Amino acid sequence: MIRISIHILFYILIICFFSSCNRETKETIDITNKVFPNGKHYTIEKTNKETTSIGIFSKHNYGTHHSFSYKLSIDPGSIHWNGGSGEPKHIIFCKDTTYIHYLKKKSIELAQTDSLKTNTEYTYKVQDVFEKHIDKRYFFNLFGDDYWVEILPEEYASIKNSCGEFLISNDNELSL
């Protein structure tokens, strides 16, 4: 009995040893500086990550995973937006408030149950997101807080009609 379990353990270790992978991650950061037609400066920082899994002994490529993140700064030091995996598309400057429209990839979990087991699959959907900048900073922006809150598409559309919208340049990683 012990002899069989030692052999099984040995085979499991050999399989794990030969199926092990090295992960190699390449990260590139692209920074773009531009000016909106209203004279406000903005900086977009896009970080791309490519992670590749390569077998230690087989040297087989078991797959590459791509991810990205965006950061936007307007009149550097004034307004910051860290959208993560959201891609900024449009911005509105209206009175003392800034609005942003971006696309975000949303994961949707689909559970399929049959008589024996439950399989979970994920699909991805790109969705429109609209946010408003709330600035409660004071005394030369040293104290207080600023943050972004999500708003309804209808509110964004009405603001867009009254204040005008600017296109934010990007590489269209996401689209509807």
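Below is a short write-up of the structure. Keep in mind the model is a prediction, meaning the values are calculated, not measured.

1. Details of the overall build of the chain
Step number 1: Of regular secondary structure, the chain possesses 2 helices and 9 strands.
Step number 2: In the chain, the succession of α and β elements from N to C terminus is α-β-β-β-β-β-β-β-β-α-β.
Step number 3: As displayed, the chain has an accessible area near 12300 Å², and 55% of this comes from carbon and sulfur atoms.

2. Points about the nonpolar core
Step number 1: By size, the foremost hydrophobic cluster in this structure holds 19 residues, and its most contacted members are Leu72, Ile91 and Ile168.
Step number 2: Of all the secondary-structure elements, those providing two or more residues to this core are β2 (41-55), β3 (61-74), β4 (79-84), β5 (87-94) and β6 (97-113).
Step number 3: Considering each element in turn, this core owes the most residues, 4 residues, to β3.
Step number 4: Once residues lying within four places of it in the same chain are set aside, the contact partners of Ile168 are Phe36, Tyr42, Ile44, Leu72, Pro88, Lys89, His90, Ile91 and Ile100.
Step number 5: In terms of nonpolar packing, the next biggest core, distinct from the first, is built from 7 residues, Phe130, Ile151, Tyr156 and Ile159 among them.

3. Here we look at the pairing of β4
Step number 1: Here β4 shows a clear split, with Ile79, Trp81 and Gly83 buried on one side and none of His80, Asn82 and Gly84 buried on the other.
Step number 2: In terms of strand pairing, β3 meets β4 through 5 bridges, oriented antiparallel. Of the residues in β4, the one forming a bridge with Lys71 is Asn82.

4. Observations concerning the sheet that holds β4
Whenever strands of a sheet pair, they do so through backbone hydrogen bonds, lying parallel or antiparallel.
Step number 1: Strand order in the open sheet formed by 4 strands is β1-β2-β3-β4, and the pairing between neighbours is antiparallel. Taken across any chain shown, the strands that pair with only one partner, and hence form the sheet edges, are β1 (21-35) and β4. The mean inter-strand angle of the sheet, taken between neighbouring strand axes irrespective of direction, is 15 degrees.
Step number 2: Bridge count for β1 against β2 is 15 bridges, and the pairing is antiparallel. Looking across to β2, one finds that Thr25 is bridged to Thr51.

5. Remarks on a nonpolar patch on the surface
Step number 1: Judged by side-chain polarity, Tyr138, Phe139 and Phe143 come together as a nonpolar surface patch covering roughly 360 Å² of accessible area.
Step number 2: Its location among the elements puts Phe139 in the loop between β7 (118-138) and β8 (143-150).

6. Topic: the pattern of salt bridges
Step number 1: With the rule as written, the count across this model stands at 5 salt bridges.
Step number 2: A salt bridge links Lys89 to Glu87; its shortest N-O distance comes to 3.5 Å.
Step number 3: Note on Glu87: relative accessible area 0%, which makes it buried.

7. A look at the state of the cysteines
Where two cysteines share a covalent bond between their sulfur atoms, that bond is called a disulfide.
Step number 1: In the structure shown here, the tally under the stated rule is 1 disulfide.
Step number 2: Shown here is the disulfide that connects Cys94 with Cys163, its sulfur atoms set 1.7 Å apart. Placement of the pair is Cys94 in strand β5 and Cys163 in helix α2 (residues 153-163), with a sequence separation of 69 residues.
Step number 3: On the accessibility criterion, Cys163 (28% relative accessible area) is partly exposed.

8. Quick word on the side chain of His101
Step number 1: Looking at where His101 falls in the secondary structure, it is placed in strand β6.
Step number 2: A polar atom in the side chain of His101 sits 2.6 Å from the side chain of Asp128.
Step number 3: With residues near it in sequence (within four places) discarded, His101 still touches Pro88, Lys89, His90, Asp128, Val129, Phe130 and Tyr156.

9. Notes on the pairing of β5
Step number 1: Where burial is concerned, most of β5 is hidden: 7 out of the 8 residues are buried.
Step number 2: In terms of strand pairing, β5 meets strand β9 (residues 166-167) through 2 bridges, oriented antiparallel. For Ile91, the partnering residue across the bridge sits in β9 and is Phe166.

What counts, and at which threshold
- Residues numbered from 1 in each chain as written.
- Predicted model: local features only at pLDDT ≥ 70, side-chain atom pairs only at ≥ 80, totals over all residues.
- Heavy atoms only, no water.
- Helix = DSSP H or I, 4+ residues; strand = E, 2+ residues; numbered from the N terminus.
- Areas by Shrake-Rupley, 256 points an atom, 1.4 Å probe, with all protein chains shown as cover.
- Core = buried A, V, L, I, M, F, W, Y, C linked by side-chain atoms within 4.5 Å.
- Buried < 20%, exposed > 50% of the residue type's maximum accessible area, 1.4 Å probe, protein only.
- Contact = heavy atoms within 4.5 Å.
- Pairing = 2+ DSSP bridges.
- Axes fitted to C-alpha atoms, helices over the stretch in contact; angles between N-to-C directions.
- Patch = residues over 30% accessible without salt bridge, like charges linked within 9 Å, V, L, I, M, F, W, Y side chains within 5 Å.
- Salt bridge = Lys/Arg side-chain N within 4 Å of Asp/Glu carboxyl O.
- Disulfide = S-S within 2.5 Å.
- Polar contact = N/O pair within 3.5 Å; in protein donor to acceptor, adjacent residues only side chain to side chain.

Read these as geometric descriptors, not functional statements.
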